[in-house]
Amino acid sequence: MNEQIYQEFRAILQEELRPAMGCTEPIAVAYCAALARQALGCLPRQVEVRASANIIKNVKSVIVPNTGGQRGLEAAAAAGIVAGNADAQLQVLAGLTPEQIARVADYQKEAELRVLPSDKEYIFDIQVRVAAPGHTAFAEIAGHHTNVIRLEADGQVLLDRPYTEQGVQHTTDRSLLSVERIVEFADCVQLEDVQAVLQRQIDCNTAIAREGLRGKYGANIGRILLEAYGDGTHNRAKAWAAAGSDARMNGCELPVVINSGSGNQGLTASLPVIVYARALEATQEQLYRALVVSNLVTIHLKTGIGSLSAYCGATAAGCGAGAGVCYLHGGRYKEIAHTIVNAVAIDSGMICDGAKASCAAKIASAVEAGLLGWQMQKHQSEFYGGDGIVVKGVENTIRNIGTLASEGMRETDRTIIRLMTGGLC
């Protein structure tokens, strides 16, 4: 494989597969608030949070970890300010002490804290302005969860990074991704180049799925799937992915290794592959290589879709999971390409109406689509160009999905946000 492409694919995995505690949008709000507090140098008395509509949508209904079960932007910002550990980025709330957790609710009562829609047209925008007697500070994140574009303290600019919606959103080159190259990379990658990041994904995501099945979280989708449909491998793959989301969306404080900025996508892309690998008694090497496929296919699909939209990202991760399971069973480019196209045709268009308990059920549906897509190709059945948005060639179909999500569903996104916020956004 071309060395430049090899190193870029390795870097993409390292860039995307990172640990985060809690739903990534409220955690990004907490991170931005912690940055502003750090720049201020003391506990602020006034806090103003401005967020784009998609951030408001994804934070509205999900429990923020270490807040005593609270939801929403105010709780996320208050927790980030009380935690104050901006260096932890997406694990900013992981280190809160019991005293700090108790302090979050008190701080919301004491401080003057207000939330407003962003004054910018960015899809992903978080601004936090804070003040204490004689001092002010400001932090802004745009584009994706850790992309800090501006920091100010007492009117002095500490950081100013140019940002445009059409600009490059990542440090790695996603244009190099293709299904054929992904499979080639999975076949040839030196395991020491990916082992650490993939083993962390296995350990973290398995642990939170196990907790989701053990505890009582949200609608308990994972546990219901097992109780209703049994412990067969196919159903267990859906149940474990759903159970991880059950826990994560409903306040569990265990970390998740994310994919494309989303813990739910990280769970969906990894846990079905892990479940199938164990059932097949696959070697650790086979599991790692299959996870390379599932993760990179997910990232490939999500690159065109964008970080936040009306298109449920779990759908892309379900395709990735199907591709990874196909690889475990000996499938390579041709079989994986058919699996992806089949899965895309089945579940595309499932809406994203924010992070919440029902995400676990959507994950189960996305995994089902991925696994059905794989079974279809095993049985020499496939969807062809002209079947809806499916066109000839897997890359062309993937491009269509990106167009559907980023352009075609804009009005859907606005309608969803209007319904969720009562017309405030």
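For the structure, see preceding data.
Scope of this entry: the structure provided in the associated data block. Since the structure is predicted, the reported quantities are computational estimates derived from the model, not experimental observations.

This next bit is on empty space enclosed by the protein. All chains considered together, the criterion is met by one cavity of 30 Å³ or more. The space that makes up the largest cavity amounts to roughly 310 Å³. Taken together, 30 residues make up the lining of the largest cavity; nearest its centre are N58, S262, Q265, G313 and C352. For the lining of the largest cavity, the secondary structure elements donating two or more residues are helix 2 (24–40), helix 9 (233–249), helix 10 (263–280), helix 12 (313–328) and helix 14 (359–378). Here the lining of the largest cavity takes three residues from helix 14, the largest share from any one element. For the lining of the largest cavity, the per-class residue count stands at 11 nonpolar, 13 polar and six charged.

Now for the pattern of salt bridges. Going through the model one piece at a time under the given rule, you end up with 18 salt bridges. For the salt bridge of R174 with E16, the shortest nitrogen-to-oxygen distance reads 2.9 Å. Of this pair, R174 sits in the loop between strand 7 (156–160) and helix 6 (179–188) while E16 sits in helix 1 (residues 3–16); the two residues are 158 residues apart in sequence, bridging distant segments of the chain. The two residues R174 and E16 agree in class, both being buried. Between R114 and E48 there is a salt bridge, with the nearest N and O atoms lying 2.7 Å from each other. You can see R114 sitting in strand 3 (residues 112–117) and its partner E48 sitting in strand 2 (residues 46–51), a full 66 residues away along the chain. Judged by its relative accessible area of 17%, E48 falls in the buried class. One network of salt bridges, with partners in common, ties together E15, E16 and R174.

Let us look at helix 5 (residues 98–110). Its 13 residues place the ends of helix 5 19 Å apart at the C-alpha level, agreeing with the 18 Å of an ideal helix rising 1.5 Å per residue. Of all the bends in helix 5, the largest measures some 35° and sits at V104.

A word on the pairing of strand 2. Strand direction decides the pairing type here: strand 2 and strand 3, joined by six bridges, are parallel. Directly across from E48, in strand 3, lies its bridge partner R114.

Attention now moves to the environment of G313. With respect to the helices, strands and loops of the structure, G313 is situated in helix 12. For the pair G313 and E211, spaced 102 residues apart in the sequence, the C-alpha separation amounts to 23 Å. Those residues in contact with G313, other than ones at most four positions away along the chain, are Q265 and K302.

Right, let's get into the side chain of N235. Note that N235 resides in helix 9. Residue N235 is classed as buried on the basis of its relative accessible area, which comes to 8%. A polar contact of 2.7 Å, which involves the side chain of N235, links it to the backbone oxygen of G230. Among all residues touching N235, those that are not within four sequence positions of it are L225, L226, Y229 and G230.

In terms of residue burial, strand 4 (residues 125–132) counts as a mostly covered element, since seven of its eight residues are buried. Pairing analysis gives eight bridges linking strand 4 to strand 5 (residues 135–142), with the strands arranged antiparallel. Looking at the pairing, V128 lines up with A139 of strand 5.

With mixed pairing, the six strands of this open sheet are ordered in space as 3-2-4-5-6-7. Looking along the sheet, the strands with just one partner apiece sit at the ends: strand 3 and strand 7. Averaged over neighbouring strand pairs, the angle between their axes works out to 10° when direction is ignored.

This part takes up helix 14. Between its first and last C-alpha atoms helix 14 spans 29 Å; for 20 residues at 1.5 Å apiece the expected length is 28 Å, and the two agree. By the criterion of burial, helix 14 is predominantly enclosed, with 14 of the 20 residues buried. Backbone geometry just downstream of helix 14 places Q380 in the positive-phi region, at approximately 55°.

Moving on to the packing of aromatic side chains. If you walk through the whole model with that rule in mind, you get four aromatic pairs. Ring geometry for F9 and F185: centres 5.6 Å apart, planes at 75°, overall edge-to-face. Here the residue F9 occupies a position in helix 1, and F185 occupies one in helix 6, the gap between them amounting to 176 residues. Residue classification places F9 among the buried residues on the basis of a relative accessible area of 0%. On the basis of relative accessible area, F185 is assigned to the buried category, the value being 0%. Taken together, the ring pairs in this structure connect Y6, F9 and F185 into an aromatic cluster. Positioned above the aromatic ring of Y327, the side-chain terminus of R332 is 3.7 Å from the ring centre.

Cut-offs applied
Residues numbered from 1 in each chain as written. Predicted model: local features only at pLDDT ≥ 70, side-chain atom pairs only at ≥ 80, totals over all residues. Heavy atoms only, no water. 1 Å grid on protein atoms, 1.4 Å probe; cavity = no way out; pocket = protein on both sides within 12 Å on 5 of 7 lines; lining within 4 Å. Points joined across faces, edges and corners; volume = space filled by probe spheres on them. Helix = DSSP H or I, 4+ residues; strand = E, 2+ residues; numbered from the N terminus. Nonpolar A, V, L, I, M, F, W, Y, C, P; charged D, E, K, R; others polar. Salt bridge = Lys/Arg side-chain N within 4 Å of Asp/Glu carboxyl O. Buried < 20%, exposed > 50% of the residue type's maximum accessible area, 1.4 Å probe, protein only. Expected span 1.5 Å × (residues − 1). Bend = angle between axes of the 7 residues up to and from the residue. Pairing = 2+ DSSP bridges. Contact = heavy atoms within 4.5 Å. Polar contact = N/O pair within 3.5 Å; in protein donor to acceptor, adjacent residues only side chain to side chain. Axes fitted to C-alpha atoms, helices over the stretch in contact; angles between N-to-C directions. Phe/Tyr/Trp six-rings, centres within 6.5 Å; stacked < 30°, edge-to-face > 60°. Lys NZ or Arg CZ within 6 Å of the ring centre and 35° of its normal.

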